[in-house]
Amino acid sequence: KSGHPARRLLNKLAQSSVGIDQEATPEQNPLLQKISEIVEQIINEYEKDIAIFGELLEGFESFLEEMEKDEAEHEKNLKAALEKREHRGLIKARVDEAIRVQLAYKKHPKAVIDLIIGPWRQVLFDTGMKKGVDSEAWQQRTRLIGDLIASVQPKESAEERHQLMQSIPTLVSSLRTSLLESG
């Protein structure tokens, strides 16, 4: 009889065990462990009262629900971790592109290159992760690369040298603030 508590329990156990690794042991698989416990309980406690099958079925269904919740939570966490990894990869690519564009056409002093490809790369990465690559902070910190590069280029006129002298305190302050914020 399909409505008999023993049959319903047996069906649920069989249904749940589909796909279990044939090599798995109860110690390795919580579902297999639970099934083994139910079988042991039936062997040790069943005499004539069929109520035990209904009780075991109810407990097993609760166990399965808990397992499903745990698996759903695990999948959610895994998905979030994968999305974060993908996001990090995209931000890293945007950082590399921003730096490549700024360094592409001229020869630059080693100290400037070291700052840009070292600590400043981390500043851009952190900014991209925290505020996004469309944020004003990202735009400002990307522009600072160009400002830094421009500041070390030879100045031909007195006006250019004067503008450089005026811009250096702001440039240094912006660099320092950004580096400190990035940690």
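First, a word on what this report is: a plain description of the structure on this page. (Residues numbered from 1 in each chain as written. Predicted model: local features only at pLDDT ≥ 70, side-chain atom pairs only at ≥ 80, totals over all residues. Heavy atoms only, no water.)

## Notes on the overall build of the chain
Within the chain, the regular secondary structure consists of seven helices and zero strands. When the helices and strands of the chain are placed in sequence order, the string is α-α-α-α-α-α-α. In terms of overall size, the chain is more extended than a compact globule, its C-alpha atoms giving a radius of gyration of 32 Å where 183 residues would be expected to give roughly 16 Å. If you line up the chain on its principal axes, its C-alpha atoms span 105 × 30 × 25 Å. Buried residues in the chain amount to 28% of all 183 residues. (Helix = DSSP H or I, 4+ residues; strand = E, 2+ residues; numbered from the N terminus. Rg over C-alpha atoms; globule rule 2.2 N^0.38 Å. Buried < 20%, exposed > 50% of the residue type's maximum accessible area, 1.4 Å probe, protein only.)

## Topic: helix 2 (residues 30-45)
Look at helix 2: 22 Å from first C-alpha to last across 16 residues, which is about the 22 Å you get at 1.5 Å a residue. Burial in helix 2 covers these residues: Leu31, Leu32, Ile35 and Ile38. When helix 2 is viewed along its axis, its buried side chains cluster within an angular range of 120° and face the same direction. Of the exposed residues in helix 2, the ones pointing more than 90 degrees away from its buried face are Pro30 and Asn44. Of the residues that open helix 2, the one with a side-chain oxygen 2.8 Å from the backbone nitrogen of leucine 31 is asparagine 29. (Expected span 1.5 Å × (residues − 1). Arc of directions from axis to C-beta. Polar contact = N/O pair within 3.5 Å; in protein donor to acceptor, adjacent residues only side chain to side chain.)

## Details of the packing of aromatic side chains
A complete count under the given rule lists two aromatic pairs for this structure. Ring geometry for tyrosine 46 against phenylalanine 53: centres 5.0 Å apart, planes inclined by 55°, an arrangement best described as tilted. Residue class for tyrosine 46 comes out partly exposed when judged on its relative accessible area of 34%. A ring pair is formed by phenylalanine 60 and phenylalanine 63, whose centres lie 6.3 Å apart and whose planes are at 15°; its orientation type is stacked. Of this pair, phenylalanine 60 and phenylalanine 63 both sit in helix 3 (residues 51-103), three residues apart, roughly one helical turn. (Phe/Tyr/Trp six-rings, centres within 6.5 Å; stacked < 30°, edge-to-face > 60°.)

## Side note on the pattern of salt bridges
Under the definition given, this model contains seven salt bridges. A salt bridge links glutamate 83 to lysine 79; the nearest nitrogen and oxygen atoms lie 4.0 Å apart. One end of the pair is glutamate 83 and the other is lysine 79, both in helix 3 and four residues apart, which spans about a single turn. Residue classification places glutamate 83 among the partly exposed positions, given a relative accessible area of 45%. Residue glutamate 136 is joined to arginine 143 by a salt bridge in which the shortest nitrogen-to-oxygen separation is 3.1 Å. Judged by relative accessible area, arginine 143 falls into the partly exposed class, the value being 46%. (Salt bridge = Lys/Arg side-chain N within 4 Å of Asp/Glu carboxyl O.)

## Regarding the nonpolar core
Val95, Ile99, Ile116, Trp120, Leu124 and Ile145 are the most contacted members of the largest nonpolar core, which has 19 residues in total. For this core, the secondary-structure elements that each account for two or more residues are helix 3, helix 4 (110-117), helix 5 (119-131), helix 6 (136-151) and helix 7 (158-182). Beyond its immediate chain neighbours, meaning those up to four positions away, isoleucine 145 contacts Ile99, Gln102, Ile116, Trp120 and Leu124. In terms of nonpolar packing, the next biggest core, distinct from the first, is built from 15 residues, Ala24, Leu57, Phe60 and Leu64 among them. (Core = buried A, V, L, I, M, F, W, Y, C linked by side-chain atoms within 4.5 Å. Contact = heavy atoms within 4.5 Å.)

## Quick word on helix 5
With 13 residues, helix 5 ought to run about 18 Å at 1.5 Å a step, and its terminal C-alpha atoms sit 18 Å apart, in line with that. Immediately downstream of helix 5, the backbone of glycine 132 shows phi near 95°, a positive value.

## Observations regarding a negative patch on the surface
Taken together, the side chains of Glu45, Asp49, Glu55, Glu58, Glu61, Glu65, Glu66, Glu68, Asp70, Glu71, Glu73 and Glu75 make up a negatively charged region of the molecular surface. No other element matches the ten residues that helix 3 contributes to the negative patch. Looking at the secondary structure, you find glutamate 55 in helix 3. The exposure class assigned to glutamate 55 is exposed, which follows from its relative accessible area of 57%. (Patch = residues over 30% accessible without salt bridge, like charges linked within 9 Å, V, L, I, M, F, W, Y side chains within 5 Å. Areas by Shrake-Rupley, 256 points an atom, 1.4 Å probe, with all protein chains shown as cover. Lys, Arg positive; Asp, Glu negative; His and termini not counted. Charge placed at Lys NZ, Arg CZ, Asp CG, Glu CD.)

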